[in-house]
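For reference, the chains in residue letters:
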Amino acid sequence: MRNSTRSVCVCIALLASTLLAGCEAILAQKNDINSQFYTIPAGSKLILNRPLDIPAGKAHVVIQPGRSGAGTNQYAVNCQLEVRTLGPGSVQPDTFAIWWAENTQEWVSQPNIMRFYRVLHLKSATQPDVLQLMCQDWDGPLLGRNVSIPEMRAALGDVITLEFPVR
């Protein structure tokens, strides 16, 4: 094998090992509940521990930090439990299956403010009107990041419990 061919093979091997190490790090973050990249596993549950009132003319109730119905500070993690029909109404204590979860972001005021949010899509046989829990935080595009599970739990307090199966 000539030196140039050997050099190319060494470069390819180094590049491949670097890419594999990067993929391993990303996969580790998706399984780390403290990471902003945590992937919520199948079989996860949201447990509403007490009744929540939906205000008149609204289809959600805000929870922040551990209180419902208070004014919202968009620049701190806050969560909204969303329902299909406008209030007044209430959501009763229940266990909801999390059937789909997503992380995303969108511009609030380009180029200064983005909304970073995680949405948990919910199902309940007894309360089909309940749609999702959305937790968000507004920040600058270079400073902001996805909402983590610990941040969600801090915002939800003892109002809502999130349960995830052990992997």
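As the structure is a prediction and not an experimental result, all values here were calculated from the model.

Moving on, we get to the sheet that holds strand E1 (residues 45-48). With antiparallel pairing, the seven strands of this open sheet are ordered in space as E3-E4-E8-E7-E6-E1-E9. At either end of the open sheet lies a strand with only one pairing partner, and these are strand E3 (60-63) and strand E9 (160-163). Adjacent strand axes in the sheet meet at a mean angle of 30° when their direction is disregarded. Alignment of strand E7 (residues 113-123) against strand E8 (residues 130-139), held across eight bridges, turns out to be antiparallel. Of the residues in E8, the one forming a bridge with Val119 is Met134.

The next point concerns the pattern of salt bridges. For the coordinates displayed, the defined rule picks out three salt bridges. When the shortest N-O distance is used, the salt bridge between Arg115 and Glu106 registers 2.8 Å. On the basis of relative accessible area, Glu106 is assigned to the partly exposed category, the value being 34%. Arg145 serves as the salt-bridge partner of Glu151, at 2.9 Å between the closest nitrogen and oxygen. In this structure Glu151 comes out as partly exposed when scored by relative accessible area, which is 23%. Among the residues examined, Arg145 registers a relative accessible area of 40% and is labelled partly exposed.

Applying the stated criterion to the full structure yields one disulfide. Note that Cys79 is cross-linked by a disulfide to Cys135, the S-S spacing being 2.0 Å. A torsion of 110° about the S-S bond marks the disulfide between Cys79 and Cys135 as right-handed. Of the two residues, Cys79 is situated in strand E4 (residues 78-83) and Cys135 in strand E8; the sequence distance between them amounts to 56 residues. Residue class for Cys135 comes out buried when judged on its relative accessible area of 0%.

This paragraph deals with the confidence of the model for the protein chain. Mean pLDDT over the protein chain: 84, with 81% of residues reaching 70 or higher. Highest mean pLDDT in the protein chain belongs to E1 (98); lowest belongs to helix H1 (residues 3-31) (49). Note that pLDDT drops below 50 for residues 13-27; the model gives that stretch zero contacts with residues more than four away or on any other chain.

Cut-offs used in this document
- Residue numbers restart at each chain and count upward from 1, following the sequence in its written direction.
- Local features in this predicted model are restricted to residues whose pLDDT is 70 or higher, and side-chain atom pairs enter the listing and the counts only when it is 80 or higher, whereas totals over whole chains, interfaces and linings include all residues.
- Side-chain metrics rest on all non-hydrogen atoms present in the structure, leaving aside hydrogens and water.
- We treat two strands as partners when DSSP finds at least two bridges between them.
- Only runs of H or I of at least four residues qualify as helices and only runs of E of at least two qualify as strands under DSSP, and these elements are numbered from the N terminus.
- The convention used is that axes are lines fitted to C-alpha atoms, helices contributing only their stretch in contact, and that angles between N-to-C directions extend from 0 to 180 degrees.
- In what follows, salt bridge is the name for a side-chain nitrogen of Lys or Arg lying within 4 Å of a carboxyl oxygen of Asp or Glu.
- Exposure is judged per residue with a 1.4 Å probe applied to protein chains only, and the accessible area is read against the type maximum: over 50% gives exposed, under 20% gives buried, and values in between give partly exposed.
- Note on terminology: disulfide denotes any pair of cysteine sulfur atoms within 2.5 Å.
- Per-residue confidence from the predictor is reported as pLDDT, a score between 0 and 100.
- In what follows, a contact means two residues having at least one pair of non-hydrogen atoms within 4.5 Å.

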